[in-house]
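Results of the structural survey
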Amino acid sequence: EAGVTQSPTHLIKTRGQQATLRCSPISGHTSVYWYQQALGLGLQFLLWYDEGEERNRGNFPPRFSGRQFPNYSSELNVNALELEDSALYLCASSLVAIDTQYFGPGTRLTVL
Amino acid sequence: GESVGLHLPTLSVQEGDNSIINCAYSNSASDYFIWYKQESGKGPQFIIDIRSNMDKRQGQRVTVLLNKTVKHLSLQIAATQPGDSAVYFCAEKVGQGAQKLVFGQGTRLTINP
């Protein structure tokens, strides 16, 4: 069974640009979660999508947004990039109403 | 506020010894806890979980202990192997239906040959 996949693996942008990160959940999973992991730090919850709807949001500014598509894949968009947005962005998925989240390999975003 | 913390940021053990990684949590209403292992350059990998109605759960070479009285969680790894070297995170599910995991800062486990 394929796990959570994310693309691209690495992304380099400059300040002020926009970044789009993609995630495909495990087959059959309807919930998708996004986390930010800055270097040397733990994971910070960003967003939770289920059945195409945003269900919960972490303490991040509105320039962090996303969506979930009918096939349950998801996109994370970060507008007006700032240097401190440089981090590993992790996507996880779970079955609806099941707590265990399974993570993808992440997208390393570097903002120059 | 919500916080999940770890007592030690680094832990070194000899290959073959047992490891114990500790974690403290602050939300007494949390009912679900997970341990993840993250190797360099990879995403967190699920190891084992436990619900608040249990105080112990065992997997293959791993045991999680939950002490709700003192809000403490631990991960025990038996007969550590070089492949166990990684950063270990505990995570706590907060909020009914919120599906939000709060992660600790992580403990780096190094296995010495």
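The paragraphs below set out a description of the structure included in this document.

Conventions used here
Residues numbered from 1 in each chain as written. Chains lettered and ligands numbered in written order. Predicted model: local features only at pLDDT ≥ 70, side-chain atom pairs only at ≥ 80, totals over all residues. Heavy atoms only, no water. Helix = DSSP H or I, 4+ residues; strand = E, 2+ residues; numbered from the N terminus. Buried < 20%, exposed > 50% of the residue type's maximum accessible area, 1.4 Å probe, protein only. Contact = heavy atoms within 4.5 Å. Buried area = accessible area lost by both parts, 1.4 Å probe. Polar contact = N/O pair within 3.5 Å; in protein donor to acceptor, adjacent residues only side chain to side chain. Nonpolar A, V, L, I, M, F, W, Y, C, P; charged D, E, K, R; others polar. Disulfide = S-S within 2.5 Å. Pairing = 2+ DSSP bridges. Phe/Tyr/Trp six-rings, centres within 6.5 Å; stacked < 30°, edge-to-face > 60°. Axes fitted to C-alpha atoms, helices over the stretch in contact; angles between N-to-C directions.

1. Brief notes about the overall build of chain A
- A count of helical and extended segments in chain A gives zero helices and 11 strands.
- The N-to-C order of helical and strand elements in chain A reads β-β-β-β-β-β-β-β-β-β-β.
- Seen through its C-alpha atoms, chain A measures out along the principal axes to roughly 35 × 25 × 25 Å.
- Taken across its 112 residues, chain A has 50% of its residues classed as buried.

2. A few points about the interface of chain B and chain A
- Listed by partner, the interface residues are 21 residues for chain B and 21 residues for chain A.
- Interface area for chain B against chain A, summed over the two sides, is near 1,600 Å², with a carbon-plus-sulfur share of 51%.
- If you look at where chain B meets chain A, you find five residue pairs in polar contact (both at pLDDT 80 or more).
- When residues in the side of chain B that touches chain A are grouped by element, the largest group, four residues, is from strand 4 (residues 32-38) of chain B.
- Grouping the amino acids of the side of chain B that touches chain A by side-chain chemistry returns nine nonpolar, seven polar and five charged.

3. Section: the state of the cysteines
All names here are of chain A.
- A complete count under the given rule lists two disulfides over all chains for this structure.
- Here Cys 23 connects covalently by a disulfide to Cys 91, the sulfurs 1.8 Å from one another. One quick way to see it: the torsion about the S-S bond of Cys 23 and Cys 91 is about -60°, and its sign makes the bridge left-handed. Placement of Cys 23 in strand 3 (residues 19-24) and of Cys 91 in strand 9 (residues 87-94) is noted, with a sequence separation of 68 residues between them. For the pair formed by Cys 23 and Cys 91, the shared burial category is buried.

4. Some thoughts on the pairing of strand 5 (residues 45-51) of chain B
Residue and element names in this part refer to chain B.
- For strand 4 and strand 5, the ladder comprises six bridges, and the chain directions are antiparallel. Across the sheet, Ile 34 pairs through a bridge with Asp 49, a residue of strand 5.
- Connecting the antiparallel pair strand 4 and strand 5 is a turn made up of six residues, with Gly 41 showing a positive phi of about 80°.

5. A few points about the packing of aromatic side chains
All names here are of chain B.
- All told, the structure shown has 12 aromatic pairs over all chains when counted by the stated rule.
- Between Tyr 36 and Phe 46 the ring centres are 6.4 Å apart and the planes differ by 80°, which places this aromatic pair in the edge-to-face class. Residue Tyr 36 is located in strand 4, and its partner Phe 46 is located in strand 5; the two are separated by 10 residues in the primary sequence.
- What makes Phe 46 partly exposed here is its relative accessible area of 26%.

6. Remarks on the sheet that holds strand 7 (residues 64-68) of chain A
Residue and element names in this part refer to chain A.
- Taken together, four strands build an open sheet; the order of strands is 1-3-8-7 and the sheet is antiparallel. The sheet terminates laterally at strand 1 (5-7) and strand 7, the two strands that pair on one side only. On average, adjacent strands in this sheet sit at an angle of 20° to one another, irrespective of strand direction.
- The pairing of strand 1 with strand 3 spans three bridges and is classified as antiparallel. Bridging from a neighbouring strand, Gln 6 pairs with Cys 23 of strand 3.

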